[in-house]
Amino acid sequence: MSSDCVTIYTDRNFKGGSVQLGPGDYNVNFAEVGNDTVSSIRIPPGWSVSVWEHVDFNGASATFASDSPDLGTFDNKISSITVRGGAPKRLGVLSSSLLEDSTLLGDLTGFGTGVLK
């Protein structure tokens with residue numbers, strides 16, 4: 001099982017067709033796994049999956065925080081999914097300098113390149 005995504009399956013007990021989903025919102029069709037066909041979900045530690053019975057995140061819902069080999073009342077009834085988890089998204093690269101005082105005079109101190117989180 002990959003630790004950087006959730007895997008949804010068309011059959012119970014993690015069998016049948018499958019699709020891996022990263023963090024995000026998914027509506028109706030989940031690539032090879034279509035509407036109302038999800039029967040089990042593998043979920044990495046620290047991740048969660050919320051499901052809804054209708055499109056556009058409407059209707060009955062449930063949230064799963066661990067592997068779910070049988071979705072019970074949501075078996076073959078999922079039309080929307082939200083996946084949460086994973087490493088923080090990197091927003092960009094930051095490079096900066098700092099002057100000794102607010103008069104813009106003095107020694108210039110440079111900082112190395114870093115990553116915003």
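If you're wondering where the values come from, they're calculated on a predicted model, not measured in any experiment. (Residues numbered from 1 in each chain as written. Predicted model: local features only at pLDDT ≥ 70, side-chain atom pairs only at ≥ 80, totals over all residues. Heavy atoms only, no water.)

1. Some points on unusual backbone geometry
Here is step 1: Phi at D36 is positive, roughly 55°, even though this residue is not glycine.
Here is step 2: Inspection of the secondary structure assignment puts D36 in the loop between β3 (24-27) and β4 (40-42). (Helix = DSSP H or I, 4+ residues; strand = E, 2+ residues; numbered from the N terminus.)

2. Examining the sheet that holds β4
Here is step 1: Strand order in this open sheet of three strands is β2-β1-β4, and the pairing throughout is antiparallel. Among the strands making up the open sheet, the edge pair consists of β2 (15-21) and β4. Direction aside, neighbouring strands of the sheet carry axes that sit 25° apart on average.
Here is step 2: Here five bridges tie strand β1 (residues 6-11) to β2, and the two strands are oriented antiparallel to one another. (Pairing = 2+ DSSP bridges. Axes fitted to C-alpha atoms, helices over the stretch in contact; angles between N-to-C directions.)

3. Structural notes on the sheet that holds strand β5 (residues 48-54)
Here is step 1: The strand order β3-β7-β5-β6 describes an open sheet built from four strands, whose pairing is antiparallel. Single-partner strands in this sheet number two, and they are β3 and β6 (58-64). Pairs of neighbouring strands in the sheet enclose a mean axial angle of 15°, with direction left out of account.
Here is step 2: Relative to β6, β5 runs antiparallel, the two sharing five bridges. Looking across to β6, one finds that W52 is bridged to S61.

4. Describing the pairing of strand β7 (residues 80-84)
Here is step 1: Burial analysis of β7 places four of its five residues in the buried class, which makes it a mostly covered element.
Here is step 2: The pairing of β5 with β7 spans five bridges and is classified as antiparallel. Each bridged residue has a counterpart across the sheet, and for S50 the counterpart in β7 is T82. (Buried < 20%, exposed > 50% of the residue type's maximum accessible area, 1.4 Å probe, protein only.)

5. A look at the pattern of salt bridges
Here is step 1: One pass over the structure, following the stated rule, counts four salt bridges.
Here is step 2: When the shortest N-O distance is used, the salt bridge between R12 and D70 registers 3.6 Å. With R12 in the loop between β1 and β2 and D70 in the loop between β6 and β7, the pair connects residues that are 58 residues apart, well separated along the chain.
Here is step 3: The class of R12 is partly exposed, set by a relative accessible area of 42%.
Here is step 4: In this structure D70 comes out as partly exposed when scored by relative accessible area, which is 42%.
Here is step 5: Here D25 makes a salt bridge to R84, at a shortest N to O gap of 3.4 Å. Taken together, the residues D25 in strand β3 and R84 in strand β7 connect sequence positions 59 residues apart. (Salt bridge = Lys/Arg side-chain N within 4 Å of Asp/Glu carboxyl O.)

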